[in-house]
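# Overview (structure and organization)
As a plain string of letters, each chain reads:
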Amino acid sequence: MENPCEVLGTEGLIRRHEFVRIIIQCLYSLGYSNSASCLELESGISYRSNELKLLESFILNGDWDDGIEYLNSIKDVLGETKESAMFLVLRQCVMEYLNCGEDALALGVLRKQVSTLDVDKCKVHSLAMCMLSFKDMELAAVDDDDDDDDDAVVHGLRRKLLADLENLLPPPISVPEARLEHLVESSVTAWVDSCMYHCSSNRISLYEDHCCSRDQIPTRTTQILTGHKNEVWFVQFSNNGEYLASSSNDCTAIIWKVLEDGILTLKHTLNGHQHAVSFVAWSPDDTKLLTCGNTEVLKLWDVETGTCKRTFGNQGFVVSSCAWFPNSKQFACGSSDPEKGVCMWDCDGNVIKSWRGMRMPKVVDLAVTPDGEYLISIFLDKEIRILHMGTNSERVISEEHPITSLSVSGDSKFFIVNLNSQEIHMWDVDGKWDMPSRFKGHKQHKYVIRSCFGGLNNTFIASGSENSQVYIWNRRNPTPIEVLSGHSMTVNCVSWNPKIPQMLASASDDYTIRIWGPSFQKKEGEVE
């Protein structure tokens, strides 16, 4: 058991010697050399270990044989770094021999010592080439008359060798670079990871343990939008967070403007569809909007003017969903009609590529990752196909229950699917996971319910529900951290503002859209 005087902290887990040594390293790295020296003197603890001091003596004096012998004597402490450390020392030895014209000695070290080391052979070959091509040597030849300069160059290179060894050798011989900063940063990261409500980009204070309150996320209705005259099926914030688009069973879509004070106003009502509009998609540059429905054509709208720029297909063109590619000039659309499949269009109405035919199953939903690398489609209710656009390689995930919707995270790393088994599954796009993360609590049996990522760094998942509520999860927790009440009928879709982490929108069969914000003190005119 360690002496109580040699440990710190209420749990006695911190060794005083290590703690002080790390502080000394930090002081030196921050440029407080005098303070670091004073602390070394007062504590009797040196930043540099006895092993490093011995190596420093051998290297600065050019005692290469003693240096190699010493490295061999502490090989058990060095572990896997021994061979690399010996190569660094021997390389300096070879180069100095060459510079002094001792070619035979340099060749002998290379053949008898360097060649036997268990290091990357490319490094050995590079050193051998150095001997053949003097111009490539790290130590340039120095004029015989410039002895002082020669000594300065040699001393500088030996100091560099010591620095390289210090970064290479393991603790306790050497302290890993910026160790105190790493320990503090790890603590801050752990605070954030354990904080279920963290949704702020503000710097975290070190003066106290961090924990956010629920005020960091949207939990209160701040506005009710009543522009639609029937069930609202879909909502989506623009990529810049300045607009919200909604679509409805009333055959219209609406573009709402987000004002500076967080209030939304109606900008355009998009008329022209003959049937219900069930899906909208913003172009990445937010200048265009696509609208479609299961029994409707696909329309392209100009956001600024609210005019329809083009209609794709005809009344027999059944589109279930659509998604833009990053250039804002091309998009993909999927059809619930197996003969239509998946098509890739440009804004002028040209089909660039298509995946169709009788063997193509119907498309339930689809999305393009924001980086444009993957096209993710939901086929035959239970099948997820992830197509890499560059290589055309495809990966298939089969779920046990029907999937109703799909949503991709803003960083292109993850996607979530809603299942009618009352679960939301999160998968990684790269395919490293064997099993998904699962989120439960909401109600979904027979309707299309849509969820979304949101908050700082896509930390949260929100979803509608058939019991008229909105559910919010932290991605690290399978149970909801908030359940929001206010709607009177099924909540079909939710959308989190990508630029305002405290703003969420929800669309319901009760004909309304609710805007949710943090539960700060209520402003005048806000909804109770």
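Residues numbered from 1 in each chain as written. Predicted model: local features only at pLDDT ≥ 70, side-chain atom pairs only at ≥ 80, totals over all residues. Heavy atoms only, no water.

Here we come to the overall build of the protein. Within the protein, the secondary structure is distributed over 10 helices and 30 strands. Against the compact-globule benchmark of 24 Å for 528 residues, the protein has a radius of gyration of 32 Å, which places it well outside the compact range. Projected onto the principal axes, the alpha-carbon positions of the protein cover approximately 90 × 55 × 45 Å. Buried positions account for 48% of the 528 residues belonging to the protein. Long-range pairs, those at least 24 residues apart, make up 47% of the contacts in the protein between residues at least 6 apart in sequence. Only carbon and sulfur atoms are counted for the fraction: they give 49% of the accessible area of the protein, which is about 26,300 Å². For the protein, the separation between the mean place of its 49 positive charges and that of its 74 negative charges on side chains is 10 Å. (Helix = DSSP H or I, 4+ residues; strand = E, 2+ residues; numbered from the N terminus. Rg over C-alpha atoms; globule rule 2.2 N^0.38 Å. Buried < 20%, exposed > 50% of the residue type's maximum accessible area, 1.4 Å probe, protein only. Contact = heavy atoms within 4.5 Å. Areas by Shrake-Rupley, 256 points an atom, 1.4 Å probe, with all protein chains shown as cover. Lys, Arg positive; Asp, Glu negative; His and termini not counted. Charge placed at Lys NZ, Arg CZ, Asp CG, Glu CD.)

Domain parsing of the protein yields domain 1 (48-138 + 147-177) and domain 2 (214-517). Domain 1 and domain 2 are separated by 60 Å when their C-alpha centres are compared. (Domains from an automatic or database assignment.)

Moving on, we get to the sheet that holds strand β21 (residues 414-419). With antiparallel pairing, the four strands of this open sheet are ordered in space as β20-β21-β22-β23. Since the sheet does not close on itself, it has two edges, and those belong to β20 (403-408) and β23 (437-440), each with one partner. If you compare each strand with its neighbour and ignore which way they point, the axes differ by 20° on average. One ladder, built from four bridges, connects strand β22 (residues 423-428) with β23; its direction is antiparallel. Bridged to Glu 423 within β23 is Lys 440. (Pairing = 2+ DSSP bridges. Axes fitted to C-alpha atoms, helices over the stretch in contact; angles between N-to-C directions.)

This next bit is on the layout of surface pockets. Taken as a whole, the largest pocket encloses approximately 1,100 Å³ of empty space. Along its surface, the largest pocket is lined by 47 residues, and Gln 236, Asn 239, Pro 370, Ser 407 and Val 408 are the ones closest to its centre. Among the secondary structure elements, those contributing two or more residues to the lining of the largest pocket are β4 (232-237), β8 (279-282), β12 (321-324), β16 (363-368), β20, β24 (451-454) and β28 (491-496). Split into classes, the residues belonging to the lining of the largest pocket amount to 27 nonpolar, 17 polar and three charged. (1 Å grid on protein atoms, 1.4 Å probe; cavity = no way out; pocket = protein on both sides within 12 Å on 5 of 7 lines; lining within 4 Å. Points joined across faces, edges and corners; volume = space filled by probe spheres on them. Nonpolar A, V, L, I, M, F, W, Y, C, P; charged D, E, K, R; others polar.)

Strand pairing in a sheet relies on backbone hydrogen bonds, with the paired strands running either antiparallel or parallel. One open sheet holds the four strands; their spatial order is β3-β30-β29-β28, and the pairing between them is antiparallel. Two strands in the sheet have a free side with no partner beyond their single neighbour: β3 (220-225) and β28. Strand-to-strand twist of the sheet, defined as the mean angle between neighbouring strand axes without regard to direction, takes the value 25°. Relative to strand β30 (residues 513-517), β3 is paired through five bridges, and the arrangement is antiparallel. Considered in β30, the bridge of Ile 224 is made with Arg 514.

The subject of this paragraph is the pairing of strand β9 (residues 288-292). For β9, the buried fraction is high: five of the five residues fall into the buried class. Because side chains alternate across β9, one face comprises the buried residues Lys 288, Leu 290 and Cys 292, and the other comprises Leu 289 and Thr 291, equally buried. As defined by bridge partners, β8 adjoins β9 across four bridges and the pair is classed as antiparallel. Pairing of Trp 282 across the sheet is with Leu 289, part of β9. Adjacent in sequence and paired antiparallel, β8 and β9 are bridged by five residues, among which Asp 286 carries a positive phi angle near 65°. With four bridges connecting them, β9 and strand β10 (residues 298-302) associate as antiparallel partners. Bridged to Lys 288 within β10 is Asp 302.

Moving on, we get to the packing of helix α1 (residues 16-29) against helix α10 (residues 179-194). In contact at an axis separation of 8 Å, α1 and α10 are set at 105° when each is read in the N-to-C sense. The pairing of α1 with α10 is recorded here as roughly perpendicular in orientation. Every residue of α10 that contacts α1 at Ile 22, Gln 25, Cys 26 and Ser 29 is listed here: Arg 179, Leu 180, Glu 181 and Leu 183. Residue composition of the contact of α1 with α10, by class: four nonpolar, two polar and two charged. (Parallel < 35°, antiparallel > 145°, perpendicular 65-115°, else oblique.)

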